[in-house]
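A closer look at the structure
The chain contents come next:
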Amino acid sequence: MGSETTLKLPVIDFTNLNLEANNNNPNWEAVKSQVHKALVEYGCFEAIFDKVPLHLRKAIFGALEELFDLPLQTKMLNVSKKPYHGYIGQYPMVPLFESMGINDANVYEEVESITNIFWPHGKPNFSKTIHSFSEELAELDQIVRKMILESLGVEKYLEEHMNSTNYLLRVMKYKGPQTSETKLGLSTHTDKNIVTILYQNQVEGLEVLTKDGKWINYEPTPHSFVVMIGDSLHAWSNGRLYSPFHRVMMSGNEARYSLGLFSVPKGGSIVKAPGELVDEEHPLLFKPFDHVEFLKYYYTKEGHADQFALRTYCGV
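Quick caveat, the model's predicted, so the values are computed rather than measured.

1. Some words on the packing of helix α2 (residues 54–68) against helix α5 (residues 124–152)
At a closest axis distance of 9 Å, the pairing of α2 and α5 adopts a crossing angle of 125°. The angle between α2 and α5 falls in the class oblique. Pair α2 / α5 crosses with left-handed handedness. Facing α2, whose interface residues are Leu-56, Arg-57, Ala-59, Ile-60, Ala-63 and Leu-67, α5 presents Phe-126, Thr-129, Ile-130, Ser-132, Phe-133 and Glu-136. Its residues assigned to classes, the contact of α2 with α5 comprises eight nonpolar, two polar and two charged.

2. Thoughts on the sheet that holds strand β7 (residues 206–209)
Taken together, the four strands give an open sheet; going across it, the order is β5-β10-β7-β8, and neighbouring strands pair in antiparallel fashion. Of all strands in the sheet, those with a lone pairing partner are β5 (179–189) and β8 (215–217), marking the two edges. The average angle at which neighbouring strand axes cross in this sheet is 25°, direction not considered. Across three bridges, β7 lies against strand β10 (residues 246–252) in antiparallel orientation. Counterpart to Glu-207 in the pairing with β10 is Arg-247.

3. Some thoughts on the nonpolar core
Counting 70 residues, the largest nonpolar core has Phe-14, Val-35, Phe-45, Phe-133, Ile-148 and Leu-259 as the members making the most contacts within it. Looking at this core element by element, the count peaks at twelve residues for α5.

4. Focus: the UniProt feature "domain: Fe2OG dioxygenase" (unreviewed entry) in the chain
The UniProt record annotates "domain: Fe2OG dioxygenase" (unreviewed entry) at residues 164–265. As a span, residues 164–265 carries 6% helix and 56% strand, and end to end its C-alpha atoms are 6 Å apart.

5. Remarks on the packing of aromatic side chains
For the structure shown, the criterion picks out 16 aromatic pairs. Taking the centre distance of 6.3 Å and the plane angle of 80° together, the rings of Phe-49 and Phe-225 count as edge-to-face. Of this pair, Phe-49 sits in the loop between β2 (44–48) and α2 while Phe-225 sits in strand β9 (residues 224–229), placing them 176 residues apart in sequence. Here Phe-49 matches Phe-225 in class, with each residue buried. The interplanar angle of 40° and the centroid separation of 5.6 Å between the aromatic rings of Phe-133 and Tyr-199 together place this pair among those described as tilted. Residue Phe-133 is located in helix α5, and its partner Tyr-199 is located in strand β6 (residues 195–200); the two are separated by 66 residues in the primary sequence. Among the aromatic residues, those joined into a ring-pair cluster are Phe-289, Phe-294, Tyr-297, Tyr-298, Tyr-299 and Tyr-313. A cation over a ring is seen here: Lys-123 above Trp-119, with NZ or CZ 5.3 Å from the ring centre. A cation over a ring is seen here: Arg-247 above Trp-215, with NZ or CZ 3.8 Å from the ring centre.

Calculation notes
Residues numbered from 1 in each chain as written. Predicted model: local features only at pLDDT ≥ 70, side-chain atom pairs only at ≥ 80, totals over all residues. Heavy atoms only, no water. Axes fitted to C-alpha atoms, helices over the stretch in contact; angles between N-to-C directions. Helix = DSSP H or I, 4+ residues; strand = E, 2+ residues; numbered from the N terminus. Parallel < 35°, antiparallel > 145°, perpendicular 65-115°, else oblique. Left-handed = near helix turned anticlockwise from the far one by under 90°. Contact = heavy atoms within 4.5 Å. Nonpolar A, V, L, I, M, F, W, Y, C, P; charged D, E, K, R; others polar. Pairing = 2+ DSSP bridges. Core = buried A, V, L, I, M, F, W, Y, C linked by side-chain atoms within 4.5 Å. Buried < 20%, exposed > 50% of the residue type's maximum accessible area, 1.4 Å probe, protein only. UniProt positions renumbered as here; feature names shortened; annotations may be inferred. Phe/Tyr/Trp six-rings, centres within 6.5 Å; stacked < 30°, edge-to-face > 60°. Lys NZ or Arg CZ within 6 Å of the ring centre and 35° of its normal.

Dropping the structure here:
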């Protein structure tokens, strides 16, 4: 591994920050500057976020284990018309990986309706855990996005930007390959959404590729989250923010449980860089596009094989 083992994601402390207090909090500007720098250079960072209580962080993994222990035919009831929003598993290319999606996981009634598909008699503790966790991560997402727009000088679009998205919670399980050899958990890819916030148990596996082609192995801690930019925000910022390639590599016997809250452009909303971010130094990189239509292209055989699918789909 050589020097690669010394590479780490930037760590940013969000303790005591919230959306309402930003004007009075002396830390807001300092943290905003760190966020901007990290997202330009790495496209992601490790966030220390104290709003998620310890009991909830523990409960979420119990909920995930219970969910993935359900029979396959039950898990396959998690379906969606949108690509990659329902149950995913049984793929020969990534045999260790399975995943499920919960749309609008920050809305209790939406979580409850999905829960009742898996457990027809209801499971309030599961619903409450998923919903509470998603609500806390949604606040971190909103803090980060507010900081991004302020850093880019386009905060006048904040309300429009926030209203153009909703949340998808994806819960994921990677089986331990039962060997000390490293096996592929999830192929190298960029996320396609706005912002992703990841949380996982203490089993390593996530690796992020730097701009100069080095892999960073993320070492999880119970109090930290990974915040990552997706292709849609890369396009919206006219390339100013980096959307990083990442993958999951597994070894050993333990299962890796993780979950990601994805802020996703709503169907029909157009991803378009504000005019203020387009000038002679920064010519327009991507034509305006509908995120759902882009996903349809990406999940074709041709699109999935294309590492730069966004550029192919709508690059100028």
